[in-house]
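# Reading the structure
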Amino acid sequence: QVQLVESGGGLVQPGGSLRLSCVTSRSIFSVSAMGWYRQAPGKQRELVAEITSGGTTNYADSVKGRFTISRDSAKNTVYLQMNSLKPEDTAVYYCNAYINTLITYWGQGTQVTVSS
């Protein structure tokens, strides 16, 4: 079973930056894909960014050019660097480990608030 622990959320001003971290209990190369999702109040959870075990990345159109997903295999950690943050980025951000169509794991989430 995979355990995921997120950190790095907080309150920032519009235009500011945050880096989220997700530490896993197993090698990220043994997982098909790692992803970051977010859910704002009253809205559905949406995919923000993902990276496969082979290193392929994918981003939501709303964050392209501003967010970057990366990994550190030695630390079993996946990061989400968020720059030029906007109020609409405010949400709870969740780390996801995708094993296959039947097995996925989720972290507890970390709050990101972008406000003046």
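Just so it is clear, the structure is predicted and the values come from calculations on it, not from any experiment.

## Describing the state of the cysteines
- Counting across every chain of the model gives 1 disulfide.
- Linked covalently through their sulfurs, Cys 22 and Cys 95 form a disulfide whose S-S length is 2.0 Å. On the S-S bond that ties Cys 22 to Cys 95, the torsion sits near -85°, and the link is left-handed. Separated by 73 residues along the polypeptide, Cys 22 in strand β3 (residues 18-24) and Cys 95 in strand β9 (residues 91-98) bring together distant segments of the chain. As far as burial versus exposure is concerned, Cys 22 and Cys 95 are alike and both buried.

## A closer look at the pairing of strand β4 (residues 33-39)
- Of all 7 residues that make up β4, 5 are buried, and the element is covered over most of its length.
- The sheet contact formed by β4 and strand β5 (residues 46-52) spans 6 bridges and is antiparallel. Considered in β5, the bridge of Ala 33 is made with Thr 52.
- Between β4 and the antiparallel strand that follows it, β5, lie 6 residues; Gly 42 among them carries a positive phi value of about 75°.
- Judged from the 7 bridges that link them, β4 and β9 form a sheet pairing that is antiparallel. Across the sheet, the residue bridging to Tyr 37 is Tyr 94, located in β9.

## Comments concerning the nonpolar core
- The biggest cluster of nonpolar side chains holds 31 residues, and the ones touching the most others in it are Met 34, Trp 36, Leu 80, Met 82 and Tyr 93.
- Listing elements by their share of this core, those giving two or more residues are β3, β4, β5, β7 (67-72), β8 (77-82), β9 and β11 (110-114).
- By residue number, the principal contributor to this core is β9, which donates 4 residues.
- Leave out the neighbours within four places in its chain, and Met 34 touches Leu 4, Cys 22, Thr 24, Ala 49, Glu 50, Ile 51, Ile 69, Val 78, Cys 95, Asn 96 and Ala 97.

## Description of unusual backbone geometry
- If you check the backbone angles, Asn 76 has positive phi at about 50° while not being a glycine.
- Of note, Asn 76 is situated in the loop between β7 and β8.

## Brief notes about the side chain of Glu 6
- Within the element layout of this structure, Glu 6 appears in strand β1 (residues 4-7).
- Nearest to the buried, unbridged Glu 6 among oppositely charged side chains is Arg 45, at 7.8 Å.
- Of note is the side chain of Glu 6, whose polar atom sits 2.9 Å from the backbone nitrogen of Gln 108.
- Excluding anything up to four places from it in sequence, Glu 6 contacts Ser 21, Cys 22, Trp 36, Tyr 93, Tyr 94, Cys 95, Gly 107, Gln 108, Gly 109 and Thr 110.

## Thoughts on the packing of aromatic side chains
- All told, the structure shown has 1 aromatic pair when counted by the stated rule.
- Look at Tyr 37 and Trp 106: their rings are 5.0 Å apart centre to centre, the planes differ by 70°, and that puts the pair in the edge-to-face class. With Tyr 37 in strand β4 and Trp 106 in strand β10 (residues 104-106), this residue pair connects regions lying 69 residues apart in the sequence.
- Stacked on the ring of Trp 106, the Lys or Arg Arg 45 has its end atom at 4.6 Å from the ring centre.

Basis of the calculations
- Residues numbered from 1 in each chain as written.
- Predicted model: local features only at pLDDT ≥ 70, side-chain atom pairs only at ≥ 80, totals over all residues.
- Heavy atoms only, no water.
- Disulfide = S-S within 2.5 Å.
- Helix = DSSP H or I, 4+ residues; strand = E, 2+ residues; numbered from the N terminus.
- Buried < 20%, exposed > 50% of the residue type's maximum accessible area, 1.4 Å probe, protein only.
- Pairing = 2+ DSSP bridges.
- Core = buried A, V, L, I, M, F, W, Y, C linked by side-chain atoms within 4.5 Å.
- Contact = heavy atoms within 4.5 Å.
- Lys, Arg positive; Asp, Glu negative; His and termini not counted.
- Salt bridge = Lys/Arg side-chain N within 4 Å of Asp/Glu carboxyl O.
- Polar contact = N/O pair within 3.5 Å; in protein donor to acceptor, adjacent residues only side chain to side chain.
- Phe/Tyr/Trp six-rings, centres within 6.5 Å; stacked < 30°, edge-to-face > 60°.
- Lys NZ or Arg CZ within 6 Å of the ring centre and 35° of its normal.

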